[in-house]
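# Secondary and tertiary structure notes
So the chains spell out like this:
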Amino acid sequence: MNVTLSEVSPRDGLQPIKQFVPTETKIALVRALHAAGIRRMEVGSFVSPKAIPQMADTGEVLQAAKQLDGLECTVLVPNRRGFDAAIAAGADRLGLFMSLTEGHNQANLNRSRQASFDDLSSIVRDAPPGQKIRFNLSCTFHCPFEGVVDEAEALSWVERVAALNPEMEISLCDTTGNAAPDQVRRLMRQAIEHFGNRFAYHGHDTYGLGLANMAAAWEAGCRVFDAGSGGIGGCPYAPGATGNTAMEDAVWMFHRMGVETGVNWQRLLEAADLAAGIAGAMPGGRVRGVPGARAAA
């Protein structure tokens, strides 16, 4: 059995840090993660530098990442301007995103869900043939402004997104880390049953359920997962949300389950330590603090 792990600390992990992280530090993190065997990575986002100054150097980080053998580089794209920049820069995969709930979409993107969906739909239609795309649905399970998301409403939006492109990957995102494993299992299973096995799962560990929710998505048939080395991250528009489910925790869990990740354990710990040590980062995760885990071959 194999799993595809997508590393998100270079973007989702660094984005909430207020002080600018030097470009050299970001590139060093990308290289360390690649050396650990990570072959899919979210390296930045083409957003307004006024809105998110931390991502102003995404173009430079992407060009360095593209020099690494076998690395698929994803950049987040919220609108047409970001799409044009990502295509021009040669991103391997476009990470489109919007929130499933109205409240979070207004807070995060300052526009309605429908406006975001209309804009992103046109981007999907206009993408060059063969361009890899992932459509991220934030707050699929819980919203900081509206509470637990109705599962029927969530599936109705998944259906709308799935109809845009039969090949497009779709990520169900637990942005606040407040999903429950049974909820994740049900929704992921229904999504796969109705719209095919092309779903990814993105989760945070705010309530200590990051790995449990990841395992629930795996049991439902999902085989693509986001995680962030060092457990760093958070969402500025999801008050109280902590970092991503730690990549090192996810790799440890999948290895114990007999699932092949392709990751070198000791080098991953080195990369996770680097991520956790970045000034301003808020690290999380468990296994980095377990002596037995650190000593494992």
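Quick caveat: nothing in here was measured; it's all calculated off a predicted structure. Residue positions within a chain follow its written sequence, with the count starting from 1. Under the rules for a predicted model, residues below a pLDDT of 70 receive no local features and side-chain atom pairs below 80 are neither given nor counted, while totals for whole chains, interfaces and linings still include all residues. Side-chain metrics in this entry use all non-hydrogen atoms of the structure; hydrogen atoms and water are not considered.

Quick look at the pattern of salt bridges now. Between Lys or Arg on one side and Asp or Glu on the other, a salt bridge is scored when a side-chain nitrogen of the former is within 4 Å of a carboxyl oxygen of the latter. Scanning the model with the defined rule gives 19 salt bridges in all. Note that Arg113 is salt-bridged to Glu102, the shortest N-O span being 3.2 Å. Within this pair, whereas Arg113 is found in helix α6 (residues 113–126), its partner Glu102 is found in helix α5 (residues 102–109), the two being separated by eleven residues in sequence. Burial classification: accessible surface area is computed with a 1.4 Å probe over protein chains only, and a residue below 20% of its type maximum counts as buried, one above 50% as exposed, and the rest as partly exposed. With relative accessibility at 16%, the residue Arg113 sits in the buried group. Residue class for Glu102 comes out partly exposed when judged on its relative accessible area of 26%. Salt bridges sharing common partners tie together Arg40, Glu72, Arg93, Lys132, Arg134, Glu169 and Asp226. Starting at the N terminus, helices and strands are each numbered in turn, a helix being any DSSP run of H or I of at least four residues and a strand any DSSP run of E of at least two.

Glancing now at the packing of α6 against helix α7 (residues 151–162). Where α6 contacts α7, the two axes come as close as 11 Å, and the packing angle between them is 25°. Taken together, the axes of α6 and α7 lie roughly parallel to each other. The interaxial crossing formed by α6 with α7 has right-handed handedness. Taking contact as the criterion, the partners of Arg113, Gln114 and Phe117 in α6 are, on α7, Glu153, Trp157, Arg160 and Val161. Classification convention: Asp, Glu, Lys, Arg as charged; Ala, Val, Leu, Ile, Met, Phe, Trp, Tyr, Cys, Pro as nonpolar; all other residues, Gly among them, as polar. Its residues assigned to classes, the contact of α6 with α7 shows three nonpolar, one polar and three charged. Axis definition: a line fit to C-alpha positions, over the contact stretch in the case of helices; interaxial angles, taken between N-to-C directions, run 0 to 180 degrees. For classification purposes, an angle smaller than 35 degrees is called roughly parallel, one larger than 145 roughly antiparallel, one from 65 to 115 roughly perpendicular, and anything else oblique. For any pair of crossing helices, the crossing counts as left-handed if the nearer helix is rotated counterclockwise from the farther one by less than a right angle, and right-handed if it is rotated clockwise. In what follows, residue pairs with any heavy atoms lying within 4.5 Å of each other are defined as contacts.

Turning our attention to helix α4 (residues 80–89). Burial in α4 covers these residues: Gly82, Phe83, Ala86 and Ala89. All buried residues of α4 fall inside an arc of 135° around its axis, so they share one side. In α4, the exposed residues that point more than 90 degrees away from the buried face are Arg81 and Ala88. Buried-residue contacts for α4 involve α3 (58–65), β3 (72–77), β4 (93–99) and α6. The opening residue of α4 is Asn79, an N-cap whose side-chain oxygen sits 3.3 Å from the backbone nitrogen of Arg81. One or two positions beyond α4, positive phi appears at Gly90, with a value near 85°. An arc is given here, and it is the one of the directions from the helix axis to the C-beta atoms. In protein, a polar contact means a hydrogen-donor-capable atom and an acceptor-capable atom, both N or O and within 3.5 Å, with residues adjacent in sequence counting only if both atoms are side-chain atoms; elsewhere, any N or O pair within 3.5 Å suffices.

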